[in-house]
Amino acid sequence: MNKYNTKLGQLLSLINRSQFYALVKSTQSDKYCKGFSTWQQLVTMCYAQIANHNGLRSLIKSLNTSGSCRYHLGIHKELARSTLSYANNHRYAEIFEKLFYALRNTLDRSGRKKLRKDFYAIDATEISLHIHDFPWALFRSTISGIKIHTKYDINGSVPDYLFMTNAKEHENHTLNEMQLSEGDTAAFDKGYCNYKNFGTFCEKGIFFVTRLKENAQYAVIERCLTDSPLIPTDETIVFTGKKTKKSCPYQLRKVVSIDEKTNKSITILTNIFDMNAADIAKLYRARWNIEIFFKTIKQNLRVKKFYGQSKNAVETQIWIALIVYVLYLKLRQMSTYEGKNFTDFISELKVCLFERQDLFRWFAGLSPIIQKPPPSCSSQQEFLL
């Protein structure tokens, strides 16, 4: 008899069940449960994220035909589409949000820092929705949409904090909601340009790296010589505009960096003075990590098409997608092999979710352990003869 659970079951076993049920109790998500628990919903939606079925009908049919595999995952009877749909629409997404953060906190984030300690990239990604199916997310006259605002830990390669809003919400209104604290360093693009926030960051000891707007009015206080032709300018400046000077009266640093591949220049604004200009440019370029993260989850997880049309159903599906991503990170940290990227992981796992093989050996690319059956009585007699 095979001693392993299915690969999906082993992946979900990385969730601390005691901690999960404590979260269920604190949010009372099973208070009015009549046969379809929060755990069963989580299992079903994690399966949906990886298998990527087109709709509820094919999802439910596929899961119901899995037989004993479904039973060992904690789903003891066949599901109905209406049951899953009702749970996604009415069971608050808060439980899955809290589970995401609980899982994220179990990751080992004590590895070697990249460029700077407590280094974050801040950005938002937009998800377009059909206006007739999602009228609550009205964005423009012909389209609906939501934005996922994210604070991404570059050193740990994991989202540190995120929240969702209507796509109408502009990024520069959300920068002060990113839970930055003293000593943190944040990299973000021009969409977050807000001089009042820059002044607040300087007051609180929060470091930032962004791009300077072309129409910014400033005076140069000091010019520093640079050794690299890729850093033609390194200056200390203060804003001179009537409003900007009042919002941010502090001295800042302007660095012009040239990309050696494209020969294009960018003008960087920062309040970091204890690093050389070349490293400041590297800090801003490291912001691209969050773009890679957005691209990764959009290409491999189901966060652009949804199984429900309510706001709660959309948020539930996105939080569970992020839970699957964190489970991958946890598996990678616990494995001796880290070469399988997320795209390879999802594309390979979706075709063997219910195989009973050691998940860690499979993740490491090792061949499964073949358990030889004991010799029959007749073969033993022939050996004795």
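For the structure, check the block above.
Presented here is an overview of the structure given in this document.

1. Some details on the overall build of the chain
Line of reasoning, step 1. The secondary structure content of the chain amounts to 15 helices and 10 strands.
Line of reasoning, step 2. When the 385 residues of the chain are sorted by exposure, 50% land in the buried category.
Line of reasoning, step 3. Here the analysis covers contacts within the chain between residues at least 6 apart in sequence; of these, 62% occur between residues at least 24 apart.
Line of reasoning, step 4. Entry remark: accessible area of the chain is about 20,200 Å², with carbon and sulfur atoms responsible for 49%.
Line of reasoning, step 5. Computing the positive centroid from 54 side-chain charges and the negative centroid from 35, the chain places the two 6 Å apart.

2. Here we look at the packing of aromatic side chains
Line of reasoning, step 1. Applying the stated criterion across every chain yields a total of 28 aromatic pairs.
Line of reasoning, step 2. Between the aromatic rings of Tyr161 and Phe163, the centroid separation amounts to 5.8 Å while the plane-to-plane angle is 45 degrees, which identifies the pairing as tilted. Comparing Tyr161 with Phe163, the two get one shared label, buried.
Line of reasoning, step 3. Centre to centre, the rings of Tyr325 and Phe342 are 5.1 Å apart; their planes meet at 70 degrees, and the pair counts as edge-to-face.

3. Thoughts on the pairing of strand β6 (residues 207-211)
Consecutive side chains along a regular strand alternate between the two faces of the sheet.
Line of reasoning, step 1. Here strand β5 (residues 185-187) runs beside β6; their pairing, made up of three bridges, is parallel. Bridged to Ala187 within β6 is Val209.
Line of reasoning, step 2. Pairing of β6 with strand β10 (residues 265-270), which is carried by three bridges, proceeds in the antiparallel orientation. Among the inter-strand pairings, Arg211 is bridged to a residue of β10, identified as Ile268.

4. Side note on the packing of helix α7 (residues 94-105) against helix α12 (residues 311-334)
The packing of two helices is summarised by the inter-axis angle and the distance between the axes.
Line of reasoning, step 1. Two elements in contact, α7 and α12, have axes whose closest approach is 9 Å; the angle formed by their N-to-C orientations is 15 degrees. As summarised for this structure, α7 and α12 are arranged roughly parallel, according to the angle between their axes. Two packed elements cross with a definite hand, and for α7 against α12 that hand is left-handed. Contact residues: Phe96, Glu97, Leu99, Phe100, Tyr101, Leu103 and Arg104 in α7; Thr316, Trp319, Ile320, Leu322, Ile323, Val326 and Leu327 in α12.

5. Examining helix α11 (residues 288-300)
Line of reasoning, step 1. The end-to-end C-alpha distance of α11, which contains 13 residues, comes to 19 Å, matching closely the 18 Å that a straight helix rising 1.5 Å per residue would cover.
Line of reasoning, step 2. Among all positions in α11, only Ile290, Phe293, Phe294, Thr296, Ile297 and Asn300 are buried. On an axial view of α11, the arc spanned by its buried residues comes to 160 degrees, and they lie on one face. Among the exposed residues of α11, those oriented more than 90 degrees off its buried face are Trp288, Lys295 and Gln299.
Line of reasoning, step 3. Looking at the buried positions of α11, the neighbouring elements they touch are α3 (38-51), β1 (119-129), β3 (143-153), β4 (158-166), α12 and α13 (342-349).

6. Observations concerning the pattern of salt bridges
Line of reasoning, step 1. Applying the stated rule across the entire model yields 15 salt bridges.
Line of reasoning, step 2. A salt bridge links Lys254 to Glu235; the nearest nitrogen and oxygen atoms lie 3.2 Å apart. Of this pair, Lys254 sits in strand β9 (residues 252-258) while Glu235 sits in strand β8 (residues 233-239), placing them 19 residues apart in sequence. Accessibility assignment for this pair places Lys254 and Glu235 in one class, buried.
Line of reasoning, step 3. For Lys340, the salt bridge identified is with Glu348, shortest N-O distance 2.9 Å.
Line of reasoning, step 4. Classification of Lys340 as buried rests on a relative accessible area of 8%.
Line of reasoning, step 5. Each of Arg104, Lys151 and Asp160 takes part in a single network of salt bridges with overlapping partners.

7. Notes on the side chain of Lys254
Line of reasoning, step 1. Since its relative accessible area comes to 9%, Lys254 is described here as buried.
Line of reasoning, step 2. In this structure, Lys254 is in contact with Leu212, Tyr218, Thr233, Asp234, Glu235, Ile237, Thr267 and Ile268, ignoring residues within four places of it in sequence.

8. Digging into the environment of Ile75
Line of reasoning, step 1. Within the element layout of this structure, Ile75 appears in the loop between α5 (68-72) and α6 (81-90).
Line of reasoning, step 2. Residues within four places of Ile75 in sequence aside, it is in contact with Gln40, Val43, Thr44, Leu63 and Arg70.

9. Some thoughts on helix α8 (residues 195-204)
Line of reasoning, step 1. If you check which residues of α8 are buried, you get Tyr195, Asn197, Phe198, Gly199 and Phe201.
Line of reasoning, step 2. Taken together, the buried residues of α8 touch β6, β8, α9 (242-247) and β10.
Line of reasoning, step 3. The distance from a side-chain oxygen at the start of α8 to the backbone nitrogen of Lys196 is 3.1 Å, and the residue carrying that oxygen is Asn194.
Line of reasoning, step 4. Directly after α8, the chain includes Gly205, whose backbone phi takes a positive value near 75 degrees.

10. Quick notes on the side chain of Lys7
Line of reasoning, step 1. The topology assignment puts Lys7 in helix α1 (residues 7-12).
Line of reasoning, step 2. Among the polar contacts made by the side chain of Lys7, one reaches the side chain of Gln357 at a distance of 3.3 Å.
Line of reasoning, step 3. When near neighbours in sequence (up to four residues on either side) are disregarded, Lys7 contacts Leu349, Cys352, Leu353, Glu355, Gln357, Leu359 and Trp362.

11. Brief notes about the packing of α3 against α6
Line of reasoning, step 1. With their axes 11 Å apart at the nearest point, α3 and α6 run at an angle of 100 degrees to one another. It follows from the interaxial angle that α3 and α6 lie roughly perpendicular. The segment α3 lies against α6, with Gln41, Thr44 and Met45 engaging Leu84, Ala87 and Asn88.
Line of reasoning, step 2. Looking at the contact of α3 with α6, its residues break down into three nonpolar, three polar and no charged.

12. Points about the environment of Ala102
Line of reasoning, step 1. With respect to the helices, strands and loops of the structure, Ala102 is situated in helix α7.
Line of reasoning, step 2. Here Ala102 falls in the buried class, since its relative accessible area comes to 13%.
Line of reasoning, step 3. Sequence-distant contacts of Ala102, that is, excluding residues within four places in its chain, are made with Gln19 and Leu23.

Calculation criteria
- Residues numbered from 1 in each chain as written.
- Predicted model: local features only at pLDDT ≥ 70, side-chain atom pairs only at ≥ 80, totals over all residues.
- Heavy atoms only, no water.
- Helix = DSSP H or I, 4+ residues; strand = E, 2+ residues; numbered from the N terminus.
- Buried < 20%, exposed > 50% of the residue type's maximum accessible area, 1.4 Å probe, protein only.
- Contact = heavy atoms within 4.5 Å.
- Areas by Shrake-Rupley, 256 points an atom, 1.4 Å probe, with all protein chains shown as cover.
- Lys, Arg positive; Asp, Glu negative; His and termini not counted.
- Charge placed at Lys NZ, Arg CZ, Asp CG, Glu CD.
- Phe/Tyr/Trp six-rings, centres within 6.5 Å; stacked < 30°, edge-to-face > 60°.
- Pairing = 2+ DSSP bridges.
- Axes fitted to C-alpha atoms, helices over the stretch in contact; angles between N-to-C directions.
- Parallel < 35°, antiparallel > 145°, perpendicular 65-115°, else oblique.
- Left-handed = near helix turned anticlockwise from the far one by under 90°.
- Expected span 1.5 Å × (residues − 1).
- Arc of directions from axis to C-beta.
- Salt bridge = Lys/Arg side-chain N within 4 Å of Asp/Glu carboxyl O.
- Polar contact = N/O pair within 3.5 Å; in protein donor to acceptor, adjacent residues only side chain to side chain.
- Nonpolar A, V, L, I, M, F, W, Y, C, P; charged D, E, K, R; others polar.

Remember, this is a structural readout, not a statement about activity or role.
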